[in-house]
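Reading the structure
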Amino acid sequence: MKISYYPGCTLKNHAKNFEDSSLFALSHLGVDVQELSRWNCCGTVFSLATDDLMHHLAPIRNLIRVKEAESDKVMTPCAMCYNTLKRANEYVKNNPENLDKINQFMYREKIEYKGDVEILHLLELLKDEVKFDHIKKKMTKPLSDLKVASYYGCYLVRPQSIGIDDAENPTIIEELISLLGAQPIDFPYKTECCGAYQTVDKPEVVAERTFQILQSVQSKQADVVVVSCPLCAFNLDHRQKETEQIYPEFKNIPILYFTQLMAIAFGCPEDVLKFDLHYIDPKSILKKKGLI
């Protein structure tokens, strides 16, 4: 199986552990990942203004790159990139006049975009095309005795028109975690916002959100939390420092990408996991469970 791949900006630096574990897992599953040539930032967030066409150029230009690769489908692991690309694509498909204007803006492009690229999140690719049964067969190290809380945040499931699962009670990550041999832990804050970009100028707001989310996780005796968004990962992991300062009773808990657990279950070497990028080191709990 071949799939075009859009990494996005953060997976090339602060979330390199997300990219490397994703690519290791997909290679182990027999998926030939083809990174897009000359991709650019997706624009980070989808523009909600009805007359703001300029902010749709960045995501649509990336979809032109998919067509240049002679593909009609692209996968991204990042929840935020997925949300932006998918919503921009749906917008232009439903607004042909604006799509024509966008193509006119990008007059130097050799391909005129027609709205005919399918955007997949990595979880969708794994469930619907690779198939969970195949993933289970390829596992070499079950994640036995590991209790995992899955945090979805906003961008995977909202708005409902582009969400990869139920907006109120998604279960796709729990399904994946279960077949890898871990114990999924449900908790009521799994689709609550982490505070997003308020982390830039209002870290205390994010620390409050981090406390509420992770306190809920810990009340369910989870060992780790998994995410699919680099911004969620930063807020829930690195903002634990500020959370400790505000709430002295708070106890740290490791934050991982779901792909890191997949890579572990597929027997990856530790350098793929890049634990040095984490604020809360997950090695202690993973060693305790005999997983590394």
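Quantities reported herein were computed from a predicted structural model and do not represent experimental measurements. The residue numbers shown here count from 1 along each chain, following its written sequence. Given that the model is predicted, a residue must reach a pLDDT of at least 70 before its local features are reported, and side-chain atom pairs must reach 80 or more before they are shown or counted; all residues, however, enter totals for whole chains, interfaces and linings. Each side-chain value is worked out from all heavy atoms of the structure, with water and hydrogens disregarded.

Further remarks concern a nonpolar patch on the surface. Like charges within 9 Å and nonpolar side chains (Val, Leu, Ile, Met, Phe, Trp, Tyr) within 5 Å are joined into patches, using only residues over 30% in relative accessible area that form no salt bridge. Surface accessibility in these figures is a Shrake-Rupley result with a 1.4 Å probe; residues are shielded only by whichever protein chains are displayed. Salt-bridge detection follows one rule: a side-chain nitrogen of Lys or Arg within 4 Å of a carboxyl oxygen of Asp or Glu. Taken together, the side chains of Val 45, Tyr 197 and Val 200 make up a nonpolar region of the molecular surface, amounting to roughly 290 Å² of accessible area. Following the sequence through the fold, Tyr 197 ends up in the loop between strand 6 (183–185) and helix 7 (198–201). A 1.4 Å probe rolled over the protein chains alone gives each residue an accessible area, and that area as a share of the maximum for its type sets the label: buried under 20%, exposed over 50%, partly exposed in between. In this structure Tyr 197 comes out as partly exposed when scored by relative accessible area, which is 40%. Helix and strand assignments follow DSSP, with helices taken as H or I runs no shorter than four residues and strands as E runs no shorter than two, numbered in order from the N terminus.

With that out of the way, let us pick up the sheet that holds strand 7 (residues 224–227). The strand order across the open sheet built from four strands is 6-5-7-8, with neighbouring strands paired in parallel fashion. Sheet topology places strand 6 and strand 8 (255–257) at the edges, where each strand pairs with a single neighbour. With direction set aside, neighbouring strand axes in the sheet form an average angle of 40°. In this description, contact between two residues means that some pair of their heavy atoms is separated by no more than 4.5 Å. Here an axis means a line fitted to C-alpha atoms, over the contact stretch when the element is a helix, while the angle between two N-to-C directions is reported on a 0 to 180 degree scale. Against the sheet, helix 9 (residues 230–237) touches strand 7 and strand 8, its axis set at about 165° to strand 8. Docked against the sheet, helix 11 (residues 258–265) engages strand 5 (147–150), strand 7 and strand 8, running at close to 70° with respect to strand 8. A strand pair is defined by DSSP finding two or more bridges across the two strands.

Here we come to the state of the cysteines. Two cysteine sulfur atoms make up a disulfide if the distance between them is within 2.5 Å. For the structure on display, the rule yields zero disulfides. The structure places no disulfide on Cys 81, whose sulfur is separated from the nearest cysteine sulfur, that of Cys 78, by 3.7 Å. Residue Cys 81 is classed as buried on the basis of its relative accessible area of 7%.

Taken together, four strands build an open sheet; the order of strands is 2-1-3-4 and the sheet is parallel. The open sheet terminates on both sides in strands that have one partner only, identified here as strand 2 (32–35) and strand 4 (118–121). Direction aside, neighbouring strands of the sheet carry axes that sit 40° apart on average.

Before going further, it helps to examine the nonpolar core. Only buried residues count toward a nonpolar core, which is a set of Ala, Val, Leu, Ile, Met, Phe, Trp, Tyr and Cys residues joined through side-chain atoms within 4.5 Å. Core analysis: the biggest nonpolar cluster contains 100 residues, and Leu 126, Ile 135, Leu 176 and Phe 258 have the highest contact counts within it. Summarising the domain contributions, this core has at least three residues from each of domain 1 (3–123) and domain 2 (141–288). Setting aside residues no more than four positions away along its own chain, Leu 126 makes contact with Leu 26, Leu 29, Lys 131, Phe 132, Ile 135, Leu 176, Phe 258 and Met 262. Residue ranges for the domains trace back to a domain assignment, done automatically or taken from a database.

So, on to the domain arrangement of the protein. Structurally, the protein comprises domain 1 (3–123) and domain 2 (141–288). Opposite the 29 residues of domain 1 that make contact, domain 2 presents 30 residues. The term buried area means the drop in 1.4 Å probe accessible area that two parts suffer when joined, counted for both and summed. Of the roughly 2400 Å² buried where domain 1 meets domain 2, counting both sides, 77% is carbon and sulfur surface. Linking domain 1 with domain 2 are one salt bridge. The partner of Lys 274 in a salt bridge is Asp 20, with the nearest N and O atoms 2.6 Å apart. Polar contact is the term for a pair of N or O atoms within 3.5 Å; when the atoms are in protein, one must be able to donate a hydrogen and the other to accept it, and sequence-neighboring residues count only if both atoms are side-chain atoms. Counting the contacts that link domain 1 with domain 2 gives nine residue pairs in polar contact (both at pLDDT 80 or more). Elements represented by at least two residues in the side of domain 1 that touches domain 2 include exactly helix 1 (16–28), helix 3 (79–94) and helix 5 (122–138). Looking at the side of domain 1 that touches domain 2 element by element, the count peaks at nine residues for helix 1. Just so you know the grouping, Ala, Val, Leu, Ile, Met, Phe, Trp, Tyr, Cys and Pro go in nonpolar, Asp, Glu, Lys and Arg go in charged, and all remaining residues, Gly too, go in polar. Here the residues of the side of domain 1 that touches domain 2 are counted per class, giving 14 nonpolar, 10 polar and five charged.

Any two of the Phe, Tyr and Trp rings considered here, Trp counted by its six-membered ring, make a pair once their centres fall within 6.5 Å; the pair's planes then place it as stacked at under 30 degrees, edge-to-face at over 60, or tilted in between. Enumeration over the complete set of coordinates arrives at six aromatic pairs. Through pairs of rings, three or more aromatic residues link up here, namely Phe 18, Tyr 257 and Phe 258.

Its location among the elements puts Thr 191 in the loop between strand 6 and helix 7. Along the sequence, Thr 191 and Gly 153 sit 38 residues apart, while their C-alpha atoms lie 4.5 Å from each other. Apart from the residues lying within four places of it in its own chain, the contact partners of Thr 191 are Tyr 152, Gly 153, Val 157, Arg 158, Ala 167, Glu 168 and Pro 170.

For cavity detection a 1 Å grid was placed over the protein atoms alone, and a set of points counts as a cavity when a 1.4 Å probe fits there but cannot get out; an open set counts as a pocket when protein lies on both sides within 12 Å along at least five of seven lines, with lining residues being those that have an atom within 4 Å of a point. Grid points are joined across faces, edges and corners, and a volume is the space filled by probe spheres set on the points. Of the voids in this model, the largest pocket is the one considered here, and its volume is about 490 Å³. As for the largest pocket, its lining consists of 24 residues, of which Thr 10, His 14, Pro 230, Leu 231 and Phe 234 are closest to the centre. Contributing elements (two or more residues each) for the lining of the largest pocket: helix 3, helix 9 and strand 8. Here the lining of the largest pocket is built from residues that sort into 16 nonpolar, seven polar and one charged.

Time to look at helix 1. If you check helix 1, its first and last C-alpha atoms are 18 Å apart, about what 13 residues at 1.5 Å a residue would give, namely 18 Å. Positive phi shows up at Gly 30, right after helix 1, with a value of about 85°. One less than the residue count of a helix, multiplied by 1.5 Å, gives the span that helix is expected to have.

Along the polypeptide, His 278 turns up in the loop between helix 11 and helix 12 (283–288). Polar contacts involving the side chain of His 278 include one to the side chain of Gln 260, which spans 3.1 Å.

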